[in-house]
Amino acid sequence: MFKNYFKIAWRNLLRNKWFSLINILGLSIGLATCLIIMLFVSNELGYDRFNKKANRIARIYFEGNVQGEKMKEPVVMAPVAQAVKKDFPEVEDATRLRSHDWAPKLVVNNKEFRFDQLVYADANFFDVFTLPFIRGDSKTALAEPNTVVLTKDVAKKYFGDGEALGQTIRFKTEDKAPMKVTGVIENIPANSHFRFGLLTSMASLEDAKRENWMGSNYFTYIVLKNKNDFEKLEEKLPGLVDKYIGPQMKDGLGQTLAEFRKSGSNITFHLQRLTDIHLYSDFHYDLSAPGNVRNVYIFSAIALFMLLIACINFMNLSTAGASKRSREVGIRKVLGSMKGELVKQFLVESTFIAAIALLLSLLFIQLALPLFNDLSGLQLTLSFREKPLLLPALTGIVLLTGLIAGSYPAFYLSSFKPVAVLKGKWNPAKSGVSFRSVLVVFQFFISIILIVSTTVVYKQLSYIRHKDVGYNKDKVMVISNVWAIGKNMDVFRKELQQDPAVAGVSASRYLPAGNSGNNNFFVSTVQDPGKLVKTLRYEIDEYYIPTLGIQLKAGRNFSQQYGMDSLAVIVNEAAVKALGWKEDPIGQTIARTFKEEGKETYQVVGVVKDFHFRSLHERISPLVLVPAPDPGNLVVKIKTTDIPGFTAKLQKQFTEYGAEDPMNYSFLDERYNNTYKAEQKIGTILGVFAGLTIFIACLGLFGLAKFTADQRIKEIGIRKVLGASAAQLSAMLSKDFLRLVLLACCIAFPIAGWVMHKWLQDFAYRTNISWWIFMIAGVVAVLIALITVSFQAIKAALANPVKALRTE
């Protein structure tokens, strides 16, 4: 039976080549988009979900509110892991990670290597996380101090094809014991929430053994005995604050826990499921850059809508071209065919076309996937060997697409009355018009939403690029490996300061754009010691403010002319407001309260205007600048316009001062722009998908316009004989379609505005949604529809009316 169905399907495919080509092309683009998004979503879901114990693992994180300033950090105190194992019977095991803050060189067999990311881990880490061992024993690999496990790529890099196990790795620039290689594991997948090249024993860290509840540096994971105990345990976690933090708080913060809470502040612990970390994390920093669940939703919706639009094209063209199948259906019904058999026939035809479209879509994917990888920064591949579930998924998509695309045409075509059809009393031009109109409106509704969304994203990116961030980011070079020249750094800096091509030089690892140092700094005023204010601390030298062009609002900059500047601070306007100073803040005194040795007082000598030292997603928070030159980065403000020539000269000087590695540099404006890379990618990808969606919608509109022109060919001929111009005939054929597009605009505009308003809420500093965005979207949609329809309309209007009137 199905063999006959496929024969009929193939014959009809060849008979209606034009409509079949449009259907196959539209479906293939929709399927290709859907498959690429499937690969993207599969990657974004994260490797962590495939851990054997994933549904029982959670991470403990720290959250607090200090005088209105919110704290949320993925790291907790060193003793938390042991405390939860001891106090809560729901916990089966607990393990910790700690990232290595600095990046020294490593020496292997007298060869020096640039640092690969190193992370400290407890001995039981491999009991919690499923990371396959190539060499070594997971049970004992990190049991002893100064042991290290390498990933496969790092082992290959350090030891080539030789044996890595038992070899020694040492730090070149740190006074640390050498590390013995005790294991080699498979590479960490890029979509894992943690990444590292070297995993060394936590037993090597003395700080990890201390009962210090006043400092948080440890990523702490627990394994629950029962996955259903998540909520029960989370309710118990705040008890850790009273039991362990409370007794140390007076010495650490200068307040008892009761006083701290009475002032309106609070701290607590929460759980985050392992499967939520990659997609749902919103911390300022983590072990790797997280994914974004919103992107998953956005792109999944786009893939679904594009496939629906392609299916709608199929429905529209199949029902519109029903006149070519009406006599076939009538005769088959007269000869005894049941409605069910006809429905099966039409569903087989739609599935057959979907299968052909899938084969074409695989070709499109091979061409489009490298482009998508460039846009998204991912390395997606279409491999049936690596993804065994891909083939069943494709089969399911083809069957579903065939069912959706063919369902309405199947029931519509099989419902023809054979007597009416064979007597010529059935009019296909009027039948199903309302439903086809709804489908056209839906297609352009989606297209207009994508046009508006893309425009708003680009408007926000333009706002970000042109916003005054409070510092000068243009022509500012950041040299990040200045430590490589060792003792020559001061000489190198002084030489730069005397260079006529340089406007200023500063040394600090704290930068207002890109990855930067990050220190919480709890302070209070002398007048109100009970009021704690959470600020961030930047350690800078006296050249930092003028080099970056940060504006002093009051007071002075740091200067070596003042002997007591070691206890001086400069604050921003947000800090002045948070500390409650209504009068002149210059000369005011603040106390640093997060210090084990006791309080330290600082005098405010200056106030800088607020500048954006974090993403525009966040409000400017209180900031304290302290005079403590840090050689983490060298920040160079360049005067010359010959940037390439200056850079080449600097690289040569860098080598002459003893650096064995090339100078590692970036520019501050690039670092700033890279902060918003995710938004830039979304804008570009949305633009591409908007274009594809419009293209698919226009394919369907083109087919419908051709069908309408064919159905009204005699009417056009008569009107032309009676004196109608080509312009009048084109307008007559186009106006019905333009009405549908305008209706789609009216429905899409409020919904698109609401969606993008919600998206913009993620930015503390954002653009507005201007009226002209909707005007542009509407004009673009109307023009595209007009051009698409007009081609067929003009062709019909210019045809010879004599030939049209002779046509039966």
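The rules behind each value
- Residues numbered from 1 in each chain as written.
- Predicted model: local features only at pLDDT ≥ 70, side-chain atom pairs only at ≥ 80, totals over all residues.
- Heavy atoms only, no water.
- Helix = DSSP H or I, 4+ residues; strand = E, 2+ residues; numbered from the N terminus.
- Buried < 20%, exposed > 50% of the residue type's maximum accessible area, 1.4 Å probe, protein only.
- Contact = heavy atoms within 4.5 Å.
- Areas by Shrake-Rupley, 256 points an atom, 1.4 Å probe, with all protein chains shown as cover.
- Pairing = 2+ DSSP bridges.
- Axes fitted to C-alpha atoms, helices over the stretch in contact; angles between N-to-C directions.
- Arc of directions from axis to C-beta.
- Core = buried A, V, L, I, M, F, W, Y, C linked by side-chain atoms within 4.5 Å.
- Salt bridge = Lys/Arg side-chain N within 4 Å of Asp/Glu carboxyl O.
- Phe/Tyr/Trp six-rings, centres within 6.5 Å; stacked < 30°, edge-to-face > 60°.
- Patch = residues over 30% accessible without salt bridge, like charges linked within 9 Å, V, L, I, M, F, W, Y side chains within 5 Å.
- Expected span 1.5 Å × (residues − 1).
- Polar contact = N/O pair within 3.5 Å; in protein donor to acceptor, adjacent residues only side chain to side chain.

Asks: Help me get a handle on the overall build of the protein, residues and values and all.
Replies: Looking only at helices and strands, the protein has 25 helices and 25 strands in total. The buried share of the protein, reckoned over its 808 residues, is 51%. A separation threshold of at least 6 residues defines the contact pool for the protein, and within that pool the share at least 24 residues apart is 80%. Accessible area of the protein: about 37100 Å², with a carbon and sulfur share of 57%.

Asks: Which residues make up the sheet that holds strand β16 (residues 502-507), and what values go with them?
Replies: Read from one edge of the open sheet, four strands run β16-β24-β15-β25, paired in antiparallel fashion. Two strands close off the open sheet at either side, each with one partner strand: β16 and β25 (665-667). Sheet twist, expressed as the mean angle between neighbouring strand axes with direction ignored, is 20°. Across five bridges, the pairing between β16 and strand β24 (residues 634-638) is antiparallel. The partner of G504 across the bridge, within β24, is K637. Sheet contacts for helix α16 (residues 489-497): β15 (476-479), β16 and β24; angle to β16, the most-contacted strand, approximately 155°. Helix α19 (residues 643-656) rests against β15, β16, β24 and β25 of the sheet, and its axis sits at about 25° to β15.

Asks: I'd like to hear about helix α3 (residues 80-87), residue by residue, with values.
Replies: For α3, every residue scored as buried is listed here: V80, A81, A83 and V84. End-on, the buried residues of α3 take up no more than an arc of 165°, which puts them together on one face. Exposed residues pointing more than 90 degrees away from the buried face of α3 are listed as Q82 and K86.

Asks: Hey, could you go over the nonpolar core for me, with residue numbers and the actual values?
Replies: F444, I448, Y471 and L625 are the most contacted members of the largest nonpolar core, which has 119 residues in total. I448 has contacts with V741, A744, C745, A748, F749, A777 and A781, leaving out every residue within four places of it along the chain. Grouped together as the second largest cluster of nonpolar side chains are 33 residues, I60, Y244, I267 and F522 included.

Asks: Tell me about the pairing of strand β4 (residues 91-99), and please be specific about residues and values.
Replies: Across a regular strand the side chains alternate sides, sitting on one face of the sheet and then on the other. The buried fraction of β4 is high, at seven of nine residues. For β4 and strand β13 (residues 216-224), the ladder comprises six bridges, and the chain directions are antiparallel. What sits directly across from T95, in β13, is Y221. Pairing of β4 with strand β7 (residues 118-121), which is carried by three bridges, proceeds in the antiparallel orientation. When the bridges of β7 are listed, S99 appears paired with V119.

Asks: I'd like a description of the pattern of salt bridges, backed by residues and values.
Replies: Enumeration according to the criterion identifies 21 salt bridges in this entry. Note that D490 is salt-bridged to R493, the shortest N-O span being 3.5 Å. Taken together, the positions of D490 and R493, both in helix α16 and three residues apart, correspond to about one turn of that helix. With a shortest N-O distance of 3.6 Å, R614 and E618 are connected by a salt bridge. The partly exposed category is assigned to E618, whose relative accessible area is 24%. Residues joined by salt bridges that share partners form a network here, namely R98, D207 and R210.

Asks: Can you break down the side chain of K534 residue by residue, with the values?
Replies: As for its position among the elements, K534 is in strand β18 (residues 533-540). Residue class for K534 comes out buried when judged on its relative accessible area of 7%.

Asks: So what about the packing of aromatic side chains? Which residues, and what values?
Replies: This model, assessed by the stated rule, comprises 24 aromatic pairs. Ring centres 6.1 Å apart and planes at 85° place the aromatic pair F40 and F372 in the edge-to-face group. Remark: F372 occurs in helix α12 (residues 339-376) and F40 occurs in helix α2 (residues 17-44); sequence separation between them is 332 residues. Accessibility classification places F40 together with F372 in one group, the buried group. With centroids separated by 6.2 Å and ring planes inclined at 65°, the aromatic side chains of F305 and F442 adopt a geometry described as edge-to-face.

Asks: Quick rundown of unusual backbone geometry? Include the residues and the values.
Replies: Notably, N146 is not glycine yet its phi reads approximately 60°, a positive angle. With respect to the element layout, N146 can be found in the loop between β8 (133-136) and β9 (147-151). The phi angle at K475 is positive, at roughly 55°, despite the residue not being glycine. Along the chain, K475 turns up in the loop between α15 (433-466) and β15.

Asks: So what about a nonpolar patch on the surface? Which residues, and what values?
Replies: The grouping of W771, W772, M775, I776, V779, L783, L786 and I787 at the surface amounts to a nonpolar patch, some 780 Å² of accessible area in total. In this fold, I787 is placed in helix α24 (residues 771-797). A residue is classified by how much of its surface remains accessible, and I787, at 61% relative accessible area, is exposed.

Asks: Provide a residue-level description of the pairing of strand β12 (residues 198-201), including the pertinent values.
Replies: Here β7 runs beside β12; their pairing, made up of four bridges, is parallel. Bridge pairing links A121 to S201 in β12. Of the strand pairs in this sheet, β9 and β12 are connected by three bridges, and their pairing is antiparallel. In the strand pairing of β12, V148 is matched with T200.

Asks: Which residues make up the environment of S790, and what values go with them?
Replies: Counting through the fold element by element, S790 comes out in helix α24. With residues near it in sequence (within four places) discarded, S790 still touches S734 and K795.

Asks: Any chance you could break down α19 for me, citing the residues and the numbers?
Replies: Along its 14 residues, α19 runs 20 Å from first to last C-alpha, staying within 8% of the 20 Å computed at 1.5 Å per residue. Within the sequence span of α19, burial applies to F646, T647, L650, Q653 and F654. Down the axis of α19, the buried set is contained in an arc of 125°. They therefore lie on one face. Opposite the buried face of α19, at more than 90 degrees from it, the exposed residues are P644, K652 and E656. As for α19, its buried residues are in contact with β15, α16, β16, β24 and β25. The opening residue of α19 is D642, an N-cap whose side-chain oxygen sits 3.1 Å from the backbone nitrogen of G645.

Asks: Give a detailed account of the side chain of N373, specifying residues and quantitative values.
Replies: Its place among the elements puts N373 in helix α12. Residue class for N373 comes out buried when judged on its relative accessible area of 11%. Setting aside residues up to four positions removed in sequence, N373 forms contacts with L378, Q379 and L380.

Asks: Can you lay out the environment of E112 for me, pointing to particular residues and giving the numbers?
Replies: For E112, the location among the structural elements is in strand β6 (residues 111-113). It is 9.2 Å that separates the C-alpha atoms of E112 and Y158, two residues lying 46 residues apart in sequence.

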